[in-house]
Amino acid sequence: MTLAERAYLPAIATGLAITIKHFFAKKVTIQYPEVKRYLGPVFRGRHILKRDADGRERCTACGLCAVACPAEAISMVAAERVKGEENLYREEKYAAVYEVNMLRCIFCGLCEEACPKQAVYLRHDEFVPVFTERDQVIWGKDLLVEDMNNRYTREAWTKEEAHLLDAKRANGEATNVVPRAIP
């Protein structure tokens, strides 16, 4: 080894050059609360119970979401619709109580896939808020049922629609797709 190599000067200069190069590179840090990063269409965030176009709840309390949940985070109590509640519930049976334990939920999306009525969704655009109290952990229908004034929209609701949309975008056929509520 030469005298310069034994003094480690080339290695120190190389290390400083790398440090200076990274110092002037574009920052990847975002100011989180004010600026939110796009999470992509496959992100699974906040739970939501969908309503149909008339504002009626889609959930029929079949229990398939609770059975599919590996963490056993979903619980529900079914009830029969009485006369006069036709504008609230689509079917004769509905979920009188629907709860998700957010500490147990692993956001796997199996509840979403198991639902035959397309009632359960995990939003791709919204995080679950931070819990500060123990009573904020169990989410009931008051937090889960969709607000008709702020409907959850997506460009594609099924995997088939998403693949078709990707193919159209690759061919240049689809440029601006308007997000829509579930049909």
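Along each chain, the written sequence defines residue order, and numbers are assigned to residues from 1. For a predicted model such as this one, the threshold for reporting local features is a pLDDT of at least 70, and the threshold for listing and counting side-chain atom pairs is 80 or more; totals across whole chains, interfaces and linings nevertheless cover every residue. Derived side-chain values reflect all non-hydrogen atoms in the structure, with water molecules and hydrogen atoms excluded from consideration.

Caption draft 1: Structural context of the overall build of the protein. Summing up its helical and strand segments, the protein has six helices and five strands in all. Beginning at the N terminus, the succession of helices and strands in the protein can be written as α-α-β-α-β-β-α-β-β-α-α. At 25 Å, the protein has a C-alpha radius of gyration far larger than the 16 Å of a compact globule built from 183 residues. Considered along the principal axes of its C-alpha atoms, the protein spans approximately 95 × 50 × 30 Å. The contacts of the protein with a sequence gap of at least 6 include a subset with a gap of at least 24, amounting to 74%. All accessibility values rest on the Shrake-Rupley procedure with a 1.4 Å probe; residue burial counts only the protein chains present in the view. When the accessible area of the protein is evaluated, it comes to approximately 12600 Å², of which 57% is carbon and sulfur surface. Positive and negative side-chain charges of the protein, numbering 27 and 26 respectively, have mean locations separated by a distance of 5 Å. Numbering goes from the N terminus for both helices and strands, where a helix is a DSSP run of H or I of at least four residues and a strand is a run of E of at least two. Throughout, radius of gyration means the C-alpha value; the globule benchmark is 2.2 Å times the number of residues raised to the power 0.38. The contact rule is simple, with two residues in contact once any of their heavy atoms fall within 4.5 Å. We score Asp and Glu as negative and Lys and Arg as positive, and we do not count His or the chain ends. Throughout, a charge is located at the NZ atom of Lys, the CZ atom of Arg, the CG atom of Asp or the CD atom of Glu.

Caption draft 2: Broad picture of empty space enclosed by the protein. Grid points spaced at 1 Å over the protein atoms alone were grouped into cavities, where a 1.4 Å probe fits but cannot get out, and pockets, open sets with protein on both sides within 12 Å along at least five of seven lines, with lining residues defined by an atom within 4 Å of a point. Grid points are joined across faces, edges and corners, and a volume is the space filled by probe spheres set on the points. Enumeration according to the criterion identifies two cavities of 30 Å³ or more in this entry. Roughly 70 Å³ of internal volume is contained in the largest cavity. In this structure, the largest cavity is lined by 13 residues; those nearest its centre are His47, Cys69, Cys105, Cys108 and Cys111. Per-class residue counts for the lining of the largest cavity are eleven nonpolar, two polar and no charged. There is about 50 Å³ of room inside the second largest cavity. We call Asp, Glu, Lys and Arg charged. Ala, Val, Leu, Ile, Met, Phe, Trp, Tyr, Cys and Pro are nonpolar, and the rest, Gly among them, are polar. Class assignment for the residues of the lining of the second largest cavity results in nine nonpolar, one polar and two charged.

Caption draft 3: Looking closely at the environment of Ile74. When you line up the elements, Ile74 lands in strand S2 (residues 74–80). With sequence-adjacent residues up to four places away left out, Ile74 is seen in contact with Cys65, Ala66, Cys69, Tyr98, Glu99, Val100 and Cys111.

Caption draft 4: Just the sheet that holds strand S5 (residues 138–139), in detail. With antiparallel pairing, the three strands of this open sheet are ordered in space as S2-S3-S5. In this open sheet, the two edge strands, each paired with only one partner strand, are S2 and S5. Strand pairing is defined by DSSP finding a minimum of two bridges between the two strands. Of the pairings in the sheet, the one linking strand S3 (residues 93–101) to S5 comprises two bridges and is antiparallel in character. By the bridge assignment for S5, Val100 is matched with Trp139.

Caption draft 5: Just the UniProt feature "binding site: [4Fe-4S] cluster 1" (unreviewed entry) in the protein, in detail. UniProt positions are given in the numbering used here, feature names are shortened, and annotations may be inferred rather than shown by experiment. The UniProt entry lists Cys59, Cys62, Cys65 and Cys115 under the feature "binding site: [4Fe-4S] cluster 1" (unreviewed entry), expressed in the numbering used here. The greatest C-alpha distance among the annotated residues, which extend across 57 residues, is 10.3 Å, indicating that they converge on a single site. Set against the second largest cavity, the annotated residues named above that line it are Cys59, Cys62, Cys65 and Cys115. Under the relative-accessibility criterion, Cys62 is labelled partly exposed at 41%. With residues near it in sequence (within four places) discarded, Cys62 still touches Met76, Lys93 and Pro116. The topology assignment puts Cys115 in the loop between helix H4 (110–114) and strand S4 (120–122). Here the term buried applies to any residue with accessible area under 20% of the maximum for its type, exposed to any over 50%, and partly exposed to those in between, with areas from a 1.4 Å probe on protein chains only.

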